[in-house]
Amino acid sequence: MFFNGYGYHGASFEQTYRCYPASFIEKPQIESGDKIIMPPSALDRLASLHIDYPMLFELRNNAASRTSHCGVLEFIAEEGMIYMPYWMMENMLLQEGDIVQVKNVTLPKGTYVKLQPHTKDFLDISNPKAILETTLRNFSCLTTGDSIMVAYNNKKYYIDIVETKPSNAISIIETDCEVDFAPPLDYKEPEKPVQSSTSNPAAQVEEAPAEEPKFNPFTGAGRRLDGKPASVKPIPASSSASKEKRPVAANAAGQSASPSSSQGPSRQTQGKLVFGSSANRTPKDPAKEPAKESKPEQPQKEEPKFLPFSGKKYSLKG
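Conventions we followed
Residues numbered from 1 in each chain as written. Predicted model: local features only at pLDDT ≥ 70, side-chain atom pairs only at ≥ 80, totals over all residues. Heavy atoms only, no water. Helix = DSSP H or I, 4+ residues; strand = E, 2+ residues; numbered from the N terminus. Buried < 20%, exposed > 50% of the residue type's maximum accessible area, 1.4 Å probe, protein only. Polar contact = N/O pair within 3.5 Å; in protein donor to acceptor, adjacent residues only side chain to side chain. Core = buried A, V, L, I, M, F, W, Y, C linked by side-chain atoms within 4.5 Å. Contact = heavy atoms within 4.5 Å. Phe/Tyr/Trp six-rings, centres within 6.5 Å; stacked < 30°, edge-to-face > 60°. Lys NZ or Arg CZ within 6 Å of the ring centre and 35° of its normal. Pairing = 2+ DSSP bridges. Axes fitted to C-alpha atoms, helices over the stretch in contact; angles between N-to-C directions. Arc of directions from axis to C-beta.

Concerning the side chain of T164
Logical step 1: The residue T164 is located in strand 12 (residues 155–165) in this model.
Logical step 2: For T164, a relative accessible area of 6% translates into the label buried.
Logical step 3: Within the structure, T164 has its side chain in polar contact with the side chain of T144 (distance 2.7 Å).
Logical step 4: Engagement of the side chain of T164 in a polar contact is seen with the backbone oxygen of N168, the distance being 3.2 Å.

Right, dumping it as structure tokens:
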């Protein structure tokens with residue numbers, strides 16, 4: 001059977017064409033979808049066949065063993081030629097003027113699709129779900145292994161079709177399809193710190209944790225309020241072993257002293273300031289003190305007690 005000099009065989013549509021990008025026909029809108037432009041003779045052949053609508057086609061590049069699927073937008077191309085989106089030509093490894101085989105097919109409606117962006121920039125869009133839904137309205141079918149192009153804000157984002165159900169090629173026209181996202185291709189998980197290990201595990205020596213310095217109160221130098229130099233020099237804080245020995249030495253030296261006087265030096269040698277102790281107080285020189293005690297104390301005058309009705313009497317007669 002022939003239509004305008006081009007042969008179509010069998011009860012199905014199958015023909016070879018030379019493919020060209022959409023820029024050759026000044027139809028830039030087809031770059032945002034998966035529809036191609038075919039010659040009018042293809043429409044005549046398709047109209048005579050009992051095919052399912054919408055019209056879906058299988059594109060095959062036999063030279064590179066690449067296959068994809070698409071829809072049709074118009075039948076206005078020159079005979080023997082078709083125009084298709086440039087991103088679709090890149091998926092099929094086609095150049096301008098290469099031969100591509102076009103075959104009419106029927107695809108099941110999709111129920112699930114898994115997408116994987118090429119870069120993390122697509123996830124930085126404020127609402128990527130809405131952008132993706134708007135873009136997929138221009139698509140009629142999806143094929144596992146293809147990379148679709150999403151144009152947004154003067155930038156092109158490429159997304160791989162990782163998985164489709166119920167088959168490797170599905171129709172997405174008037175269907176509810178579950179969409180899942182895989183991590184972007186340039187996504188890298190944060191590296192965990194690797195613990196360094198030596199070849200000889202027996203030679204590893206566990207370092208003892210360094211002891212934190214304990215808080216020692218009242219270890220500074222003491223200062224008298226009267227400006228005189230302190231009689232006891234401050235002893236610097238040392239290890240815990242030396243601290244335990246100091247009270248013993250202080251007690252041995254002050255055995256003859258009274259219990260109250262022996263406790264004072266032992267506390268002072270530890271570098272502590274004890275309030276209320278009379279050990280550090282130096283006796284005052286009695287010669288320098290003024291002779292206040294020699295003066296007899298004058299007896300204090302008793303205040304007159306309150307006596308009621310002790311005033312003068314006055315008569316009203318005068």
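A word on the nonpolar core
Logical step 1: In this structure, F13, M38, F57, L59, M84 and L142 are the most contacted members of the largest nonpolar core, which totals 41 residues.
Logical step 2: Discounting residues that sit within four places of it in the chain, F57 has contacts with F13, M38, L46, S68, H69, C70, G71, V72, V102, K103, N104 and V105.
Logical step 3: In this structure, Y20, A22, I30 and Y83 belong to the second largest nonpolar core, which totals seven residues.

Here's the deal with the packing of aromatic side chains
Logical step 1: Tallied over the entire structure, the rule returns six aromatic pairs.
Logical step 2: On the basis of an interplanar angle of 70° and a centroid distance of 6.0 Å, the ring pair of F13 and F57 is categorised as edge-to-face. Of the two residues, F13 is situated in the loop between strand 2 (6–7) and strand 3 (14–21) and F57 in strand 5 (residues 56–61); the sequence distance between them amounts to 44 residues. By the burial criterion, F13 is buried, and F57 matches it.
Logical step 3: Relative to F181, the ring of F122 has its centre 6.4 Å away and its plane inclined at 35°; by these criteria the two rings are tilted. On the criterion of sequence distance, the pair formed by F122 in the loop between strand 9 (112–117) and helix 3 (128–136) and F181 in strand 14 (residues 178–181) is long-range, its members being 59 residues apart.
Logical step 4: Overall, F181 belongs to the partly exposed group, its relative accessible area being 34%.
Logical step 5: Among the aromatic residues, ring-to-ring pairing joins Y20, F24 and Y83 into one connected group.
Logical step 6: Across the ring face of Y112, the terminal group of K165 is positioned such that the distance to the ring centre comes to 5.0 Å.

Some details on the sheet that holds strand 14
Where strands meet in a sheet, backbone hydrogen bonds hold them as pairs that are either parallel or antiparallel.
Logical step 1: Taken together, four strands build an open sheet; the order of strands is 11-12-9-14 and the sheet is mixed. The sheet is open, and its two borders are formed by strand 11 (147–152) and strand 14, each paired with just one other strand. The sheet shows a mean angle of 35° between the axes of neighbouring strands, taken without regard to direction.
Logical step 2: As defined by bridge partners, strand 9 adjoins strand 12 across six bridges and the pair is classed as antiparallel. Residue pairing for strand 12: L115 is matched across the bridge by I161.
Logical step 3: This element, helix 3, spans strand 9, strand 11, strand 12 and strand 14 of the sheet and lies at about 115° to strand 11.

Concerning the pairing of strand 3
Logical step 1: Of the pairings in the sheet, the one linking strand 3 to strand 8 (residues 99–105) comprises five bridges and is antiparallel in character. Its bridge partner lying in strand 8, T16 is registered against Q101.
Logical step 2: The pairing of strand 3 with strand 7 (residues 81–84) spans four bridges and is classified as parallel. What sits directly across from Y20, in strand 7, is Y83.

Regarding helix 1 (residues 40–48)
Along an α-helix, residues three or four apart share an orientation, since each turn contains 3.6 residues.
Logical step 1: Residues S41, A42, R45 and L46 constitute the buried set of helix 1. Each buried residue of helix 1 sits inside an arc of 135° when the element is viewed along its axis, so together they form one side.

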